[in-house]
Amino acid sequence: MDERRQTTVIAVGNQKGGVGKTTTTINLAAALGALGKQSLIIDLDGNRGATRSLGVPPESYRGTYEVLLGDEDPVAVALETDAEEGIELPPGVALIPASRDLERVDGELIKVHRLTDYRDCLRRPIEKLVATGRWDYVFLDTAPNINTPTAAAYRVAEWFILTATPERLAIEGLNDAMSDIDTVRRYNNPDLKLLGVALSCVNRRTLLAKRILGWVEETFAEAGEFGDFKTRISTSVAVPEAQDSGKSVFQTEPDHKVTEEYRQLAREFLERLDIAEGMRNPKASKKGRGVLKKPRSRRKGVAHGKAA
Ligand SMILES: Nc1ncnc2c1ncn2[C@@H]1O[C@H](COP(=O)(O)OP(=O)(O)OP(=O)(O)O)[C@@H](O)[C@H]1O
Ligand SMILES: [Mg+2]
């Protein structure tokens with residue numbers, strides 16, 4: 001019988017669009033797959049970024065919409081590589097696909113949850129997925145706005161990966177994202193913690209990028225929990241090219257520099273989870289003792305004018 005896996009649920013988000021949420025989710029999951037880990041990606045965006053980026057024809061399968069409404073078993077709609085169906089996911093990666101219907105899920109959920117909070121619609125599905133012991137990680141790829149699927153993701157995740165690109169507007173958005181996390185932590189999900197800020201499209205040669213990266217390091221070092229990932233993903237045409245062909249860079253460009261960066265990001269991801277486990281269970285691991293401070297409920301705001 002296959003080994004049972006303990007599942008960690010990670011939301012990937014930023015309310016700003018086009019800041020690497022989907023590419024980070026897919027390529028990190030693919031990197032973890034190459035390291036022998038099993039990941040399930042749930043596409044929570046009506047724009048179907050993860051579904052399309054993994055080459056799954058949109059509107060062809062039941063998925064997130066039906067799961068959120070309680071009409072489908074999440075385990076039954078999780079897609080895996082299937083040559084007959086023409087689905088070729090990265091090794092170790094499964095997907096619950098999104099459809100355009102997700103954009104109208106709020107109205108439907110309100111009808112179903114007349115007595116309950118519809119923003120808790122991911123709780124039962126996640127419990128079912130975790131109970132199977134099939135996946136090490138469930139990644140929740142969220143939309144660039146705070147709609148119901150995004151709010152639902154923040155409520156069920158244990159960890160949060162905030163993605164950003166080194167542009168002034170994207171970086172200023174980090175402050176809003178952090179205060180959203182604080183609010184969710186205070187009212188709905190005290191377990192939600194920042195696993196890291198993952199920076200993509202980094203071109204270290206520009207002065208602006210250098211200053212922004214310096215600011216991110218400084219701010220998150222003071223935030224009292226895991227800060228930015230030390231691994232930065234460079235700007236590379238290999239990333240959008242892989243995304244356009246419905247694949248991860250591990251399938252299209254296994255030896256590329258950017259692929260190695262995602263591999264390094266995966267190692268850092270595992271190290272941080274190991275540190276956190278060490279804090280939770282000091283006997284099991286020596287790592288992490290005293291590394292993380294207790295998260296503060298309020299953190300320093302973006303110093304406007306300082307980042308650029
Ligand atoms: N390292 C990179 N180098 C070059 N292009 C990149 C890189 N990372 C991401 N991109 C491109 O940037 C665009 C936005 O990335 P992505 O789709 O991951 O962002 P997102 O935050 O998920 O967007 P949305 O909010 O619309 O869902 C895509 O076209 C993607 O291919
Ligand atoms: Mg996306």
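Calculation criteria
Residues numbered from 1 in each chain as written. Chains lettered and ligands numbered in written order. Predicted model: local features only at pLDDT ≥ 70, side-chain atom pairs only at ≥ 80, totals over all residues. Helix = DSSP H or I, 4+ residues; strand = E, 2+ residues; numbered from the N terminus. Buried ≥ 20, exposed ≤ 12 C-beta atoms within 10 Å, placed from the backbone. Core = buried A, V, L, I, M, F, W, Y, C linked by C-beta atoms within 7 Å. Contact = placed C-beta atoms within 7 Å. Axes fitted to C-alpha atoms, helices over the stretch in contact; angles between N-to-C directions. Parallel < 35°, antiparallel > 145°, perpendicular 65-115°, else oblique. Near = placed C-beta within 6 Å. Nonpolar A, V, L, I, M, F, W, Y, C, P; charged D, E, K, R; others polar. Pairing = 2+ DSSP bridges. pLDDT = per-residue confidence, 0-100.

Peer 1: Describe in detail the overall build of the protein, supporting the description with residues and values.
Peer 2: Counting secondary structure elements, the protein contains eleven helices and six strands. Relative to its 308 residues, the protein shows a buried fraction of 45%.

Peer 1: Tell me about the nonpolar core, and name the residues and values.
Peer 2: Judged by nonpolar contacts, the single largest core of 85 residues is most densely connected at Ile10, Leu95, Val138, Leu140, Ala157 and Phe160. Residues in contact with Val138, not counting those within four places in the same chain, are Thr7, Val9, Leu40, Ile42, Ile126 and Leu129.

Peer 1: Residues and numbers for unusual backbone geometry, please.
Peer 2: For Arg48, which is not a glycine, the phi torsion comes out positive at approximately 60 degrees. Within the secondary structure, Arg48 is located in the loop between β2 (39–43) and α2 (49–53). For Arg48, a count of 23 C-beta atoms within 10 Å corresponds to the buried category.

Peer 1: Could you give me a rundown of the packing of helix α1 (residues 21–34) against helix α11 (residues 257–280), with the residues and numbers involved?
Peer 2: To characterise two packed helices, one gives the angle between the axes of the helices and the distance between these axes. Viewed as axis vectors pointing N to C, α1 and α11 meet at an angle of 75 degrees, and their least axial separation amounts to 8 Å. Classed by the angle they form, the pair α1 and α11 counts as roughly perpendicular. Between α1, through Asn27, Leu28, Ala31, Leu32 and Ala34, and α11, the contact on the second element is made entirely by Tyr262, Arg263, Leu265, Ala266 and Phe269.

Peer 1: Give a detailed account of the site of ligand 1, specifying residues and quantitative values.
Peer 2: Taken together, 19 residues form the shell around ligand 1, and within it Lys21, Thr22, Thr23, Pro144 and Pro240 come nearest. For the shell around ligand 1, the secondary-structure elements that each account for two or more residues are α1 and α9 (238–244). Residue composition of the shell around ligand 1, grouped by class: six nonpolar, eleven polar and two charged.

Peer 1: So, the sheet that holds strand β5 (residues 159–164): which residues are in play, and what are the values?
Peer 2: Pairing in this open sheet of six strands is parallel, and the strands run β3-β2-β4-β1-β5-β6 from one edge to the other. Of all strands in the sheet, those with a lone pairing partner are β3 (93–96) and β6 (193–199), marking the two edges. Strand-to-strand, the axes of this sheet are offset by a mean angle of 25 degrees, without reference to chain direction. Pairing of strand β1 (residues 8–13) with β5, which is carried by four bridges, proceeds in the parallel orientation.

Peer 1: I'd like to hear about the confidence of the model for the protein, residue by residue, with values.
Peer 2: Mean pLDDT for the protein: 88, with 89% of residues reaching 70 or above. In this model, residues 288–308 is a region of pLDDT below 50 whose contacts with residues beyond four sequence positions or in other chains number 42 contacts.

Peer 1: Outline helix α6 (residues 148–156), listing residues and values.
Peer 2: Buried residues dominate α6, accounting for nine of its nine residues. Restricting attention to buried positions, one finds in α6 the residues Thr148, Pro149, Thr150, Ala151, Ala152, Ala153, Tyr154, Arg155 and Val156. In this fold, the buried residues of α6 make contact with β1, α3 (64–68), α4 (105–112), α5 (123–132), β4 (137–141) and α7 (168–187).

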